[in-house]
Amino acid sequence: MVRCPECAVEIDLDEDEVDEGEILNCPECEAELEVVQTHPVHLNVISEDDDEDDEEDEEEAEAEGDDGDLSEEAVEDEEEDFEE
Ligand SMILES: [Zn+2]
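Residues numbered from 1 in each chain as written. Predicted model: local features only at pLDDT ≥ 70, side-chain atom pairs only at ≥ 80, totals over all residues.

A. Geometry of the sheet that holds strand β4 (residues 32–37). Pairing within the open sheet is antiparallel, and its three strands lie in the order β3-β4-β5. Two strands bound the open sheet, and with one partner strand each, they are β3 (23–25) and β5 (42–46). Strand-to-strand, the axes of this sheet are offset by a mean angle of 40°, without reference to chain direction. (Pairing = 2+ DSSP bridges. Helix = DSSP H or I, 4+ residues; strand = E, 2+ residues; numbered from the N terminus. Axes fitted to C-alpha atoms, helices over the stretch in contact; angles between N-to-C directions.)

B. Region of the structure containing the pairing of β5. For β4 and β5, the ladder comprises five bridges, and the chain directions are antiparallel. For Glu-34, the partnering residue across the bridge sits in β5 and is Asn-44. Here β4 hands over to β5 after four residues, with His-39 in that stretch at a positive phi of 55°.

C. Structural detail: unusual backbone geometry. Look at the link from His-39 to Pro-40: it is a cis peptide, with omega at -10°. A positive phi angle, near 70°, is found at Ala-8, a position not held by glycine. Ala-8 sits in the exposed class, given 10 other C-beta atoms within 10 Å. For Glu-30, which is not glycine, the phi torsion reads 60° and is therefore positive. Inspection of the secondary structure assignment puts Glu-30 in the loop between β3 and β4. (Buried ≥ 20, exposed ≤ 12 C-beta atoms within 10 Å, placed from the backbone.)

D. Quick peek at the environment of Asp-16. Inspection of the secondary structure puts Asp-16 in the loop between β2 (10–11) and β3. Asp-16 sits 23 residues away from His-39 along the chain, and the two C-alpha atoms are 8.1 Å apart.

Shown next, in the form of structure tokens:
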């Protein structure tokens, strides 16, 4: 039995049915899991955990960036409609 390294849910996985490098999705937390080893199966979470310390900064930057993107897109849409 394999456990999701992210949420520790048991994943019903046959080690004969997976290949190294295969990407699975955890049925519980939907984390992307790479099969890094078979016999026994070992799963590695595909994520940006390495950047975890910067997570708060990234969220703030995204929030500011979204506002700018939205206004730019709105202007572009208006221009396109006007030409037509
Ligand atoms: Zn999981």
